[in-house]
Amino acid sequence: SSVDGTGAFEKLVVIKRIIPHLSSGPGSGDFLAMFLDEARIAAGINHANVAQVFDLGKDEIAKPSPNTPRWVQHSVAFLAANYLKLVWHSSQFTTEPADIYDRIDAELPIIVAMWHGQHFLMPFIRKPHHRAKVLVSMHRDGELITRVIEGLGYVTARGSSTRGGEVGVREMLAWAGQGRHLAVTPDGPRGPRERAKDGVVYLADRSRRRLVPIAVA
């Protein structure tokens, strides 16, 4: 979209919104809190390749959007994946602890656990031999997220703690049986934020993998 001003001034902007079915009902309060926290964090970042937050508001008459055409999903996923690549290659990072890769390699194979919202740049920190399968939620945004993650070289499984979870866990366990690594966001998109659900413990127990919490922030 764009914002128009005096003298033919025009500025391109991006509008990010919460899908209506995630903004009400059980667990919506935690999801809204995660959304607001993300906006606050982004507002404090000043980087040439990170979009600035100009405003935050509530649309009382927002309507659910129709099913997004497949070509649009592909295009958005391609742009999102390459945007993340741009941010990664144009930023400086500090690794803590400095020997984290040695520690991880000593525990392989593992389950990488990351809070929702602290995982956007995770695909770039893995080493070539750290081939992992990522569990992606079954909610409607999951299809787009899946395309982005797979565009960055990961393998995905679809499932969650509330819908399709059993299928996703079985697929993850089958992958683990091949000696591969797993990656999950234990709080999930619906929250409660930064509170792990039982599913990740079950996955660790069944796969006999050590849980390793990691964040990129």
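Note: the structure precedes this text.
Residues numbered from 1 in each chain as written. Predicted model: local features only at pLDDT ≥ 70, side-chain atom pairs only at ≥ 80, totals over all residues. Heavy atoms only, no water.

A.B. asks: Explanation requested: the overall build of the chain in the structure shown.
C.D. replies: When you go through the chain residue by residue, the secondary structure sums to six helices and seven strands. When the helices and strands of the chain are listed from N to C terminus, the series reads β-β-α-α-α-β-β-α-β-α-β-α-β. Looking at the chain as a whole, 33% of its 217 residues are labelled buried. A separation of at least 24 residues holds for 64% of the contacts in the chain among residues at least 6 apart in sequence. Total accessible area on the chain is roughly 14100 Å²; 55% of this is exposed by carbon and sulfur atoms. (Helix = DSSP H or I, 4+ residues; strand = E, 2+ residues; numbered from the N terminus. Buried < 20%, exposed > 50% of the residue type's maximum accessible area, 1.4 Å probe, protein only. Contact = heavy atoms within 4.5 Å. Areas by Shrake-Rupley, 256 points an atom, 1.4 Å probe, with all protein chains shown as cover.)

A.B. asks: Hey, could you run me through the side chain of lysine 133 in this one?
C.D. replies: If you trace the backbone, lysine 133 turns up in strand β4 (residues 132-136). Looking at lysine 133, its side chain comes within polar contact range of the side chain of glutamate 171, at 3.3 Å. Look past the residues within four positions of lysine 133 in its chain and what remains in contact with it is Val155, Thr156, Ala157, Glu171, Met172, Trp175, His181, Leu182 and Ala183. (Polar contact = N/O pair within 3.5 Å; in protein donor to acceptor, adjacent residues only side chain to side chain.)

A.B. asks: Before we go on, may I ask you to explain the side chain of serine 207 in this structure?
C.D. replies: Structurally, the position occupied by serine 207 is in helix α6 (residues 198-207). Among residues more than four places away in sequence, those in contact with serine 207 are Ile111, Leu173, Ala176 and Leu182.

A.B. asks: Can you walk me through unusual backbone geometry in this structure?
C.D. replies: Glycine aside, a negative phi is what most residues show, and trans is what most peptide bonds show. Following glutamate 96, the chain continues into proline 97 via a peptide bond in cis, with omega recorded as -10 degrees. Along the chain, proline 97 falls in the loop between α2 (70-89) and α3 (100-107). That bond from leucine 108 to proline 109 is cis: its omega, -5 degrees, falls within 30 degrees of zero. With respect to the element layout, proline 109 can be found in the loop between α3 and β3 (110-113). In this structure, glutamate 194 is a non-glycine residue whose phi angle is positive, near 55 degrees. Here glutamate 194 lies in the loop between β6 (181-184) and α6. Look at glutamate 194 and you get partly exposed, because its relative accessible area is 47%.

A.B. asks: Sorry if this is basic, but what is going on with the pairing of β4 here?
C.D. replies: On any regular strand, side chains alternate: one points to one face of the sheet, the next to the other face. Within β4, four of the five residues are buried, leaving the element largely enclosed by the surrounding structure. Note that β4 and β6 share three bridges and pair parallel. Bridge assignment links alanine 132 to a residue of β6, and that residue is histidine 181. Bridge count between β4 and strand β5 (residues 155-158): four bridges; the pairing is parallel. When the sheet's bridge partners are listed, lysine 133 is paired in β5 with valine 155. (Pairing = 2+ DSSP bridges.)

A.B. asks: Honestly, the environment of valine 53 in this entry has me stumped. Any pointers?
C.D. replies: For valine 53, the position within the fold is in the loop between α1 (28-43) and α2. A relative accessible area of 36% places valine 53 in the partly exposed class. With eleven residues separating them in the primary sequence, valine 53 and alanine 42 have C-alpha atoms 6.6 Å apart.

A.B. asks: So what exactly am I meant to see when it comes to the sheet that holds strand β7 (residues 210-213) here?
C.D. replies: Sheet strands pair by backbone hydrogen bonding; their relative direction is either parallel or antiparallel. An order of β5-β4-β6-β3-β7 is seen for the five strands of this open sheet, with the pairing classed as parallel. Edge positions in the sheet fall to β5 and β7, since each of these pairs with one other strand and no more. Strand after strand, the sheet turns through a mean of 25 degrees between neighbouring axes, direction not considered. On the sheet, α6 packs against β3, β6 and β7 and is oriented at approximately 175 degrees with respect to β6. (Axes fitted to C-alpha atoms, helices over the stretch in contact; angles between N-to-C directions.)

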